[in-house]
Amino acid sequence: GAGVSQTPSNKVTEKGKYVELRCDPISGHTALYWYRQSLGQGPEFLIYFQGTGAADDSGLPNDRFFAVRPEGSVSTLKIQRTERGDSAVYLCASSLTSYNEQFFGPGTRLTVL
Amino acid sequence: AQSVTQLDSQVPVFEEAPVELRCNYSSSVSVYLFWYVQYPNQGLQLLLKYLSGSTLVKGINGFEAEFNKSQTSFHLRKPSVHISDTAEYFCAVSDLRNQGGKLIFGQGTELSVKP
């Protein structure tokens, strides 16, 4: 079956611009996670959804970052007033429930010039 | 809060040699432990996991790991590596019972298998 998909695969933007990154989880998975992976680092947790609600957003670095999952399936990570330090690969993962294995998407590589 | 330390950033090894990738964690609560592999230009893939039970866990592609609670370690091993094992390996922990399954990752170990 289809895995987790993320679009776009690459996004180049200018400092100060707004970007949206999309995640399509595996069908039926209720839990969805966003991570950020900077060059040479391990993935860093950003936010976790259980259904439509954000159950834990403790990893969001500041209020420029926001994520939604309005229908409990697709999620969008939104970054306002992008900064060069936001450049990273943004990973999405989903799991059947929060107690199951997480399946990762291929990531979106964000470059802020 | 949990944290993960992968003691080696790079591990070069010759084909068919054994390999051990080291992982230590710290946590004030019981954790679940994972190893993920990331092949070039691909997403993270679960290699193996320890949730409970036997401390020796076997995963895909001939990898295994041993949970050592007293040493807070979860080292990954393979008795004979192949060129195709060249990848980045990440150790991760989770407190599934209280934190909704979010994973805390180490910084990764780059395994480079040479012919």
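This structure is a prediction, so every number in the text was calculated from the model and none was measured.

> Which residues make up the overall build of chain B, and what values do they have?
Check the secondary structure of chain B and you find one helix and twelve strands. For chain B, the succession of helices and strands along the chain, N to C, is β-β-β-β-β-β-β-β-β-β-α-β-β. Counting only C-alpha atoms, chain B reaches 45 × 30 × 20 Å along its principal axes. Taking as baseline every contact in chain B between residues at least 6 positions apart, the subset at least 24 positions apart corresponds to 57%.

> So what about the pattern of salt bridges? Which residues, and what values?
Residue and element names in this part refer to chain A. The full count for this structure, using the stated rule, is ten salt bridges over all chains. When the shortest N-O distance is used, the salt bridge between Glu-83 and Arg-64 registers 3.5 Å. In this pair, Glu-83 is assigned in the loop between β8 (75-79) and β9 (88-95) and Arg-64 in the loop between β6 (53-56) and β7 (65-68), connecting sequence segments 19 residues apart. On the basis of relative accessible area, Glu-83 is assigned to the partly exposed category, the value being 39%.

> Outline the state of the cysteines, listing residues and values.
Inspection of the entire model under this criterion finds two disulfides over all chains. A sulfur-sulfur distance of 1.8 Å marks the disulfide that ties Cys23(A) to Cys92(A). Disulfide Cys23(A) to Cys92(A): torsion about the S-S bond roughly -65 degrees, handedness left-handed. Remark: Cys92(A) occurs in strand β9 and Cys23(A) occurs in strand β3 (residues 19-24); sequence separation between them is 69 residues. Just as Cys23(A) is buried, Cys92(A) falls in that class too. Across the disulfide from Cys23(B) sits Cys91(B); the S-S distance is 2.0 Å. Around the S-S axis, the bridge from Cys23(B) to Cys91(B) shows a dihedral of about -65 degrees and counts as left-handed. Linking Cys23(B) in strand β4 (residues 23-26) with Cys91(B) in strand β10 (residues 87-94), this pair joins segments that are 68 residues apart in sequence. The class for Cys91(B) is buried, based on a relative accessible area of 0%.

> Explain the nonpolar core to me, and be specific about the residues and the numbers.
In this structure, Leu33(B), Trp35(B), Leu47(B), Leu48(B), Phe74(B), Leu76(B) and Tyr89(B) are the most contacted members of the largest nonpolar core, which totals 28 residues. Broken down by element, this core gets its largest block of residues, four residues, from β10(B). Discounting chain neighbours no more than four positions away, the residues touching Phe74(B) are Cys23(B), Leu33(B), Phe34(B), Trp35(B), Leu48(B), Tyr50(B), Ala65(B), Glu66(B) and Phe67(B). Counting residues in each nonpolar core, the second largest holds 20 residues, with Ile26(A), Trp34(A), Phe49(A) and Val112(A) among its members.

> Describe the packing of aromatic side chains, and please don't skip the residues or the numbers.
What the rule picks out here adds up to 13 aromatic pairs over all chains. Ring centres 5.7 Å apart and planes at 85 degrees place the aromatic pair Tyr35(A) and Phe105(B) in the edge-to-face group. Of this pair, Tyr35(A) sits in strand β4 (residues 31-37) while Phe105(B) sits in strand β11 (residues 104-105), which puts the two residues in different chains. By relative accessible area, Tyr35(A) is classed as buried at 0%.

> Residues and numbers for the environment of Ser70(B), please.
For Ser70(B), the location among the structural elements is in the loop between β8 (64-68) and β9 (73-78). Within the local environment of Ser70(B), its side chain forms a polar contact with the side chain of Asn68(B), the two groups lying 2.8 Å apart.

> Residue-level account of the confidence of the model for chain B, with values.
In the predicted model, chain B carries a mean pLDDT of 92, and 96% of its residues have values of at least 70. In the model of chain B, helix α1 (residues 96-99) of chain B stands out as the element of lowest mean pLDDT, 62, in contrast to strand β3 (residues 19-21) of chain B, which has the highest, 98.

Quick notes on the rules
Residues numbered from 1 in each chain as written. Chains lettered and ligands numbered in written order. Predicted model: local features only at pLDDT ≥ 70, side-chain atom pairs only at ≥ 80, totals over all residues. Heavy atoms only, no water. Helix = DSSP H or I, 4+ residues; strand = E, 2+ residues; numbered from the N terminus. Contact = heavy atoms within 4.5 Å. Salt bridge = Lys/Arg side-chain N within 4 Å of Asp/Glu carboxyl O. Buried < 20%, exposed > 50% of the residue type's maximum accessible area, 1.4 Å probe, protein only. Disulfide = S-S within 2.5 Å. Core = buried A, V, L, I, M, F, W, Y, C linked by side-chain atoms within 4.5 Å. Phe/Tyr/Trp six-rings, centres within 6.5 Å; stacked < 30°, edge-to-face > 60°. Polar contact = N/O pair within 3.5 Å; in protein donor to acceptor, adjacent residues only side chain to side chain. pLDDT = per-residue confidence, 0-100.

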